[in-house]
Amino acid sequence: MTDPTHAPSDDARSDEFDDATSATLDALEDVLDVVRERHPDTPQWEFCEGVLTALLCTRRAIGEDEWLPFIFGRDGADVFASPAERTQFSMGWLERESQLRAALNAKVDSLEDERALSPAVMDWRGLLACLPEADRAEATQGQDGPPPALAQVWAVGFLAAVDHWADDWAPPRDKEIADMLADALACIEDLTDDDTDTPVLNLYEDDGPPSVSQARFDAFGEALWAVYDLYDIAKSLGPRVAPAQSSKVGRNDACPCGSGKKYKKCCGA
């Protein structure tokens, strides 16, 4: 199958975004396209969006010094051709982070609410189905399998971040919260599988050939609600805290003053 982190590049998102969001995503993809000319293994933005969404649900803040080499597989100095190029990407990242955080903080009852979380995912199959045959062949040139299913690239990016920062995603001792965490991650993991059910929807063009099954569309919705749960769990738990180390000196321990005597016969007398 096609490597989902390096799917064909095109603007075939399943949702329509406002002008500000579209401008942010376009700017990020423009930088990635330039970087990809030097580093062909550069992932598509959808993979990065999955990583970014996971980082927002991680119990501690993950800085650029950590996520940038994770995404690109190399240090920032080896990724970007100039400080300006790096700044453009970093500013776009921060803007998209702000947009996603706002969606996760919004109190919504429906995913149709314009404030609801709406990841930049692609209906690759819907796009290809709408292309003329010649263009379709050109778009899939070099691919060794079918294009990824709806939100598959995003889910792979999300779970890659969870695996990479596994210590920060370790389940808490509270069994109820640990079960909620596991159930939410399972919803996202479901999207890493292929969509093999009968397609009934095209999310690229409403009247285009069907490319997404109803089961897949519903699973995507469940995954979005799962992200809300993960975000709330992270906020409620806060950063993981290392077990406290007692500084109490035992009566038979060496005295911390350095006398060489036991504590009970020195300062603890």
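For the structure itself, look to the data block above.
Nothing here was measured: the structure is a model prediction, and the numbers come from that model. (Residues numbered from 1 in each chain as written. Predicted model: local features only at pLDDT ≥ 70, side-chain atom pairs only at ≥ 80, totals over all residues. Heavy atoms only, no water.)

Colleague: Quick one: what's the story with the overall build of the protein, residue by residue and with numbers?
Modeller: Counting its regular elements, the protein contains 10 helices and two strands. In the protein, the order of α-helices and β-strands from amino to carboxyl end is α-α-α-α-α-α-α-α-α-β-β-α. In the protein, which comprises 269 residues, the share counted as buried stands at 43%. Partitioning the contacts of the protein with sequence separation of at least 6, the portion at a separation of at least 24 is 69%. Surface summary for the protein: the accessible area is close to 14300 Å², and the carbon and sulfur share equals 49%. (Helix = DSSP H or I, 4+ residues; strand = E, 2+ residues; numbered from the N terminus. Buried < 20%, exposed > 50% of the residue type's maximum accessible area, 1.4 Å probe, protein only. Contact = heavy atoms within 4.5 Å. Areas by Shrake-Rupley, 256 points an atom, 1.4 Å probe, with all protein chains shown as cover.)

Colleague: Lay out the nonpolar core in plain terms, naming residues and giving numbers.
Modeller: Formed by 64 residues in total, the largest nonpolar core has its most connected members in Trp-45, Phe-89, Trp-154 and Phe-158. Put simply, the parts of the chain that give this core at least two residues each are helix H1 (19-38), helix H2 (45-56), helix H3 (64-72), helix H5 (83-105), helix H6 (124-130), helix H8 (152-164), helix H9 (175-190) and helix H10 (214-237). At nine residues, the largest contribution of residues to this core is made by H10. If we skip the residues at most four places from it in the chain, Phe-158 touches Gly-50, Val-51, Thr-53, Ala-54, Trp-169, Leu-185, Ile-188, Val-227 and Leu-230. (Core = buried A, V, L, I, M, F, W, Y, C linked by side-chain atoms within 4.5 Å.)

Colleague: I'd like a rundown of H2, residues and numbers included.
Modeller: Taking 1.5 Å as the rise per residue, H2 with 12 residues should run 16 Å; its terminal C-alpha atoms sit 16 Å apart, in good agreement. The buried fraction of H2 amounts to 12 of the 12 residues, a majority that puts the element mostly inside the structure. Those residues of H2 that sit buried are Trp-45, Glu-46, Phe-47, Cys-48, Glu-49, Gly-50, Val-51, Leu-52, Thr-53, Ala-54, Leu-55 and Leu-56. Those residues of H2 hidden inside the fold are in contact with H1, H3, H5, H6, H8 and H10. (Expected span 1.5 Å × (residues − 1).)

Colleague: Run through the side chain of Thr-53, naming residues and quoting values.
Modeller: Mapped onto the secondary structure, Thr-53 falls in helix H2. Those residues in contact with Thr-53 that lie beyond four places of it in its chain are Leu-100, Trp-154, Phe-158 and Val-227.

Colleague: Please provide a residue-by-residue account of the pattern of salt bridges, values included.
Modeller: Under the definition given, this model contains 10 salt bridges. Here Arg-36 ties to Asp-33 by a salt bridge, and the two come within 2.9 Å at their closest N and O atoms. Of this pair, Arg-36 and Asp-33 are both found in helix H1, three residues apart, which corresponds to roughly one turn of the helix. Relative accessible area serves as the criterion here: at 17%, Arg-36 is assigned to the buried category. Residue classification places Asp-33 among the partly exposed residues on the basis of a relative accessible area of 32%. For Arg-74, the salt bridge is made with Asp-41, and the minimal N-O distance between the two is 3.6 Å. With Arg-74 in the loop between H3 and helix H4 (76-79) and Asp-41 in the loop between H1 and H2, this pair connects stretches of sequence that are 33 residues apart. When its relative accessible area of 22% is taken as the criterion, Arg-74 is described as partly exposed. Judged by relative accessible area, Asp-41 falls into the partly exposed class, the value being 42%. Within the structure, one salt-bridge network assembled from shared partners comprises Arg-60, Glu-66 and Asp-168. (Salt bridge = Lys/Arg side-chain N within 4 Å of Asp/Glu carboxyl O.)

Shape descriptors only; they carry no functional weight alone.
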